[in-house]
Amino acid sequence: MEWSDVRIFLAIARSGTLGGAARALHLSHPTVGRRLRALEQATGHTLFQRTADGFIPTEEGNAIIAMAEQMEEGALALERRLAGQEQDLQGSLRISSADWFGAYVLPPIIADFAKAYPLVDVEILTGTRLFSLAQREADIAFRIVPFNTPDVVQRRLIRLAYGAYVAADSPEPAYGDGAGFRLITHDTSTGQFPDIAWLEESFPNARPVLRSNNRNVQGRMCRSGIGIAVLPQVVGSQIAGLRRLTLPAEPPGRDIWMGYHRDMRRLHRLRAFITTVTDHIAEAQS
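Since the model is a prediction, treat every value here as computed from it, not as a measurement.

Student: When you look at the sheet that holds strand β6 (residues 152-160) in this model, what are you seeing that I'm missing?
Tutor: As a general point, the strands of a sheet are linked pairwise by backbone hydrogen bonds and lie either parallel or antiparallel. A sheet is described by the order of its strands in space; here five strands give the open sequence β4-β3-β5-β12-β6, paired in mixed fashion. Every interior strand has two partners, whereas the edge strands, β4 (120-126) and β6, have only one. On average, each strand axis in the sheet is inclined to that of its neighbour by 20°, with strand direction left out of account. Sheet analysis places β6 next to strand β12 (residues 254-261), joined by eight bridges and oriented antiparallel. Within the sheet, the bridge partner assigned to Q154 lies in β12 and is G259.

Here it is in structure tokens:
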């Protein structure tokens, strides 16, 4: 039984389809199907029941999922350990962050890093999904909450200020009231956001009309005159056509945490990128 076939087995079990597994592993649909058939022949068991709703593990398939995951963890640990010992300042570096952080904070950092280390290929992964450092989906990640796994080396990087914004030609909303105005808020399906709670409490008579999990979308909708939005100031200051409100109280800021897997701590291109990040942060705070 080869690890590459076990990896395909796990991808099918997690996605429920050959197509989903193929996309996750960057393989072709026929290749995944062929490798699954080879694995079932090698084990002498049917590992999935083919149904109209997708691939469902059989009793035999369910019995080996835990062992397959142990194989996966061992293979990933080996990959991380070997990658962490690479000394060359070349290769790839995957960076994970929220969409707004990738669009408004990282560009000048990446520009300096790319100029200093032209042989490193940088990939930026943004969105609400938390990419796994343990599975090497990302080499380094920036988040607004601390990492909750013991194998991650992390540090609080910076505290970012937030502000309340309206379109530049919009009238001034009354703090503590907000009547006649609308609110642009954040989708709370992935958690609670202190700045959104502050916005609703600060303008209790304003009507929430738009929710988005993308700060860039919120800022551009605010610029269009749809309503009041709370944004990281690093975002609001870079979107033309917005005006930050001067209020008796400011919305709460958020800490930015930087983390990477401990097995990667000796990777030179990662260390070089961390140095570039910290230099930029120190310059911004000076």
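Student: Would you mind showing me how to read the environment of S96 here?
Tutor: For S96, the position within the fold is in strand β3 (residues 91-97). Overall, S96 belongs to the buried group, its relative accessible area being 4%. Setting aside its immediate chain neighbours within four residues, S96 contacts L125, F131, A138, I140, A141 and F142.

Student: How do you make sense of the nonpolar core when you look at a structure like this?
Tutor: Grouped burial of nonpolar side chains is what soluble globular proteins tend to show. Counting residues in hydrophobic clusters, the biggest one holds 49 residues, and the most contacted among them are W100, I140, F142 and F273. The element best represented in this core is helix α10 (residues 268-285), accounting for six residues. For F273, the residues in contact, after removing those within four places along its chain, are L93, I95, I109, I110, F113, I140 and F142. If you look at the next biggest cluster of nonpolar residues, it comprises 18 residues, including V6, A11, L25 and F48.

Student: Would you mind going over the layout of surface pockets with me for this structure?
Tutor: Rolled over the atoms, a probe with the dimensions of a water molecule shows which regions are left empty. Within this model, the largest pocket holds a volume of roughly 750 Å³. Lining the largest pocket are 23 residues, and of these R7, A24, L25, Q135 and E137 sit closest to its centre. Contributions of two or more residues to the lining of the largest pocket are made by α1 (3-15), α2 (18-25), α4 (59-84) and β4. Approximately 540 Å³ is the volume found for the second largest pocket. Lining of the second largest pocket is provided by 24 residues; of these, A98, T128, L130, I144 and F193 occupy positions nearest its centre. Counting residues per element, the ones that place at least two in the lining of the second largest pocket are β3, α5 (99-104), β5 (140-143) and β12. With three residues, the single largest contributor to the lining of the second largest pocket is α5. Of the residues assigned to the lining of the second largest pocket, the class counts are nine nonpolar, 10 polar and five charged.

Student: I'm lost on the sheet that holds strand β7 (residues 162-167) in this one. Help?
Tutor: On the basis of which strands lie adjacent, the open sheet formed by five strands has the order β9-β8-β10-β7-β11 and mixed pairing. The open sheet terminates on both sides in strands that have one partner only, identified here as β9 (207-212) and β11 (242-244). In this sheet, neighbouring strand axes are inclined to one another by 40° on average, regardless of whether the strands run parallel or antiparallel. Bridging between β7 and strand β10 (residues 228-232) involves four bridges; their strand directions are antiparallel. Each residue of the ladder has a partner; that of G163, found in β10, is L231.

Student: For this particular structure, what's the right way to read the pattern of salt bridges?
Tutor: Under the definition given, this model contains 13 salt bridges. In this structure, the salt-bridge partner of R35 is D5, at a minimum N-O distance of 2.6 Å. Taken together, the residues R35 in helix α3 (residues 29-43) and D5 in helix α1 connect sequence positions 30 residues apart. A salt bridge links E250 to R244; the shortest N-O distance between them is 3.6 Å. Residue classification places E250 among the partly exposed positions, given a relative accessible area of 38%. Via salt bridges that share partners, R156, R159 and D255 belong to a single interconnected network.

Student: Would you explain the packing of α1 against α2 in this entry?
Tutor: To describe two helices that pack against each other, one gives the angle between their axes and the distance between the axes. Axis separation between α1 and α2 bottoms out at 8 Å; the angle between their running directions is 120°. Put simply, α1 runs oblique to α2. At the point where α1 passes α2, the crossing takes the right-handed sense. For the pair formed by α1 and α2, the contact residues are R7, I8, A11, I12 and S15 on the first element and L18, G20, A21 and L25 on the second. Across the contact of α1 with α2, the residue classes break down as six nonpolar, two polar and one charged.

Cut-off values and rules
- Residues numbered from 1 in each chain as written.
- Predicted model: local features only at pLDDT ≥ 70, side-chain atom pairs only at ≥ 80, totals over all residues.
- Heavy atoms only, no water.
- Pairing = 2+ DSSP bridges.
- Helix = DSSP H or I, 4+ residues; strand = E, 2+ residues; numbered from the N terminus.
- Axes fitted to C-alpha atoms, helices over the stretch in contact; angles between N-to-C directions.
- Buried < 20%, exposed > 50% of the residue type's maximum accessible area, 1.4 Å probe, protein only.
- Contact = heavy atoms within 4.5 Å.
- Core = buried A, V, L, I, M, F, W, Y, C linked by side-chain atoms within 4.5 Å.
- 1 Å grid on protein atoms, 1.4 Å probe; cavity = no way out; pocket = protein on both sides within 12 Å on 5 of 7 lines; lining within 4 Å.
- Points joined across faces, edges and corners; volume = space filled by probe spheres on them.
- Nonpolar A, V, L, I, M, F, W, Y, C, P; charged D, E, K, R; others polar.
- Salt bridge = Lys/Arg side-chain N within 4 Å of Asp/Glu carboxyl O.
- Parallel < 35°, antiparallel > 145°, perpendicular 65-115°, else oblique.
- Left-handed = near helix turned anticlockwise from the far one by under 90°.

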